[in-house]
Amino acid sequence: MARTKFPVEILSPEGEVWSGEVEMVSTRTTVGSIGLLANHEPVLAMLDPVELRLYETESDVRRFAQGEGYLQVAGNRALLLVEEAHAPEDLDAGDLRERLRRAEQELESAEEGSEAARTAARDKRRWETFIAIAEGGAS
Amino acid sequence: MQTQRDVKDRIASVKNVQKITRAMEMVAAARLRRAEQRIESLRPYAGAIRRMTRQAAQAAENIPNLPILEEHEHVRTVALHLVTGDRGLAGAFNSQILRAGLRAAADHEAEGRQVVFYASGRRGVSSLAFRGKELAGRYVGFTDRPGYADAREIAEALMSAYVDEKVDEVEIFYNGYISPLRQEVRRETLLPLQQATILEAGDEEEDDGERPEHQALVEYEPGPEEILRRLVPDYVEISVFRALLESTASEHGARMTAMRSASDNAGELIEDLTLEMNRARQAEITQEIMEVVAGAEAQA
């Protein structure tokens, strides 16, 4: 059964990633996985790296590898501000593995509890998520 | 006296150079247009982040005490990040950044502060290394088309150094983009971040009427203070990204201008050489006539 559609806009610092009408948005906030339907109550949340899914219909699903960002729902519109969002086929697993290796190295050399360590841990989590998406393993 | 042949060869080689500089000018013009678009593309995102921050700050009633907002009591070490290009042939583009950075470093050192260099772009990295400066961070290979991930990497390194108290202040030097013909060296203090910067309305602010109507009813996941903790560092990332984008646009603009004047110079050189060639040809003709006349006179 078709659900009511609502407008969604995805913006990154490099420009608009996607905008259109969808039945459901599936993503992850720092609190947990979230499925947004039309007429969701206003919310402001932080997003974590995950496979973002936009259900244009139940079977027509658009997927993105989504980095950290923010989700704002207001007046039945959803705005996702993400640092990066890539179509899974645009991901380069080799490049991601190299980035993951660098993050792991930094994590090892950083002092425990330092800002550098926190940053490296965040990078590591992001690249691991992206690698899983690139290799088709939906997370 | 140059012979006709010599001058002809020189004209041919100058013409070749002119072809190359023309082509480089055209490539730079095309890349400049793309770089300008990318500066434009950042505006909606930066504006939305600003609006979101103000909304969260209102809900939180005050901005939490974040380490990147706090001034260090004593400024002993200053980090200077120089934004240059990976390639040269762009007029004063790279050298004016290096000059400004080195002068600022000398000023800091004169006042007893240590200086730590960071640089993006091969030109800056190699020039600083050549001058014997140690680099705490080097970022190369993207200045033709910097991505947000590149900016984040730089911003994260600078913020970590600041928060972990390895440095007490961070300045960034880059070529600000005004127009294809005009770029200016900008020097900005990145850290500590000023609270005023966060709450003031930015120039990218466009009142598009998308403000949430029932702010009081907005649900925050997690609380607004937690969200601010992540939003505030984004300002530093966005500032670095904008500096990289403006620098790239400036680089293409500077290269376009440099190559245009190189093409113009080549054109002038070709005109001069053509005149010289004509003179050489005329001299040869005169010489031949003199010889014929002299020969005829000898026979008479």
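Residues numbered from 1 in each chain as written. Chains lettered and ligands numbered in written order. Predicted model: local features only at pLDDT ≥ 70, side-chain atom pairs only at ≥ 80, totals over all residues. Heavy atoms only, no water.

J.: Whenever I open this one, the confidence of the model for chain B confuses me. Can you help?
T.: Should pLDDT be low for a region, the predicted coordinates there are not to be read in detail. All names here are of chain B. Considering every residue of chain B, the mean pLDDT works out to 89; 94% of them sit at 70 or more. When mean pLDDT is taken per element in chain B, strand E1 (residues 77–83) scores highest with 96 and helix H5 (residues 195–199) scores lowest with 75. The low-confidence segment residues 204–210, where pLDDT is below 50, has 12 contacts with residues more than four positions distant or belonging to other chains. At the level of chain-chain contacts, confidence expressed as ipTM amounts to 0.86, with global pTM at 0.86. (pLDDT = per-residue confidence, 0-100. Helix = DSSP H or I, 4+ residues; strand = E, 2+ residues; numbered from the N terminus. Contact = heavy atoms within 4.5 Å.)

J.: Honestly, the domain arrangement of chain A in this entry has me stumped. Any pointers?
T.: How big an interface is tends to be expressed through the accessible area that disappears when the partners come together. Residue and element names in this part refer to chain A. For chain A, the assigned domains are domain 1 (6–86) and domain 2 (91–134). The centre of domain 1, based on its C-alpha atoms, is set 24 Å off from the matching centre of domain 2. Facing 9 residues of domain 1, the contacting portion of domain 2 comprises 7 residues. Between domain 1 and domain 2, roughly 690 Å² of surface is buried when both sides are summed, and carbon and sulfur atoms account for 67% of that area. The largest contributions to the domain 1 side of the interface with domain 2 come from Pro49, Ala65 and Glu68, which together make up 49% of the buried area. The interface formed by domain 1 and domain 2 contains 3 salt bridges. In this structure, Glu68 and Arg122 form a salt bridge, with 3.8 Å as the shortest nitrogen-oxygen distance. (Domains from an automatic or database assignment. Buried area = accessible area lost by both parts, 1.4 Å probe. Salt bridge = Lys/Arg side-chain N within 4 Å of Asp/Glu carboxyl O.)

J.: For this particular structure, what's the right way to read the interface of chain B and chain A?
T.: At the junction of the two partners, chain B supplies 35 residues and chain A supplies 37 residues. Roughly 3100 Å² is buried in total at the junction of chain B and chain A, and carbon and sulfur atoms are behind 55% of that figure. Inspection of the chain B/chain A interface yields 5 salt bridges. In this structure, the salt-bridge partner of Arg230(B) is Asp48(A), at a minimum N-O distance of 2.9 Å. There are 18 residue pairs in polar contact (both at pLDDT 80 or more) connecting chain B and chain A. Mapped onto the side of chain B that touches chain A, the elements with two or more residues apiece are helix H1 (4–60), helix H4 (148–163), strand E6 (219–221) and helix H6 (224–299) of chain B. (Polar contact = N/O pair within 3.5 Å; in protein donor to acceptor, adjacent residues only side chain to side chain.)

J.: Looking at this structure, I do not really get the pairing of strand E4 (residues 169–179) of chain B. What am I missing?
T.: Side-chain positions along a regular strand alternate between the two faces of the sheet. Residue and element names in this part refer to chain B. With 9 of its 11 residues buried, E4 lies for the most part within the structure. With 9 bridges joining them, E4 and strand E5 (residues 182–191) adopt antiparallel strand pairing. Residue Val170 lies in a different strand from E5, and its bridge partner there is Leu191. Where E4 hands over to E5, the hairpin turn is made up of 2 residues, counted between the paired strands. (Buried < 20%, exposed > 50% of the residue type's maximum accessible area, 1.4 Å probe, protein only. Pairing = 2+ DSSP bridges.)

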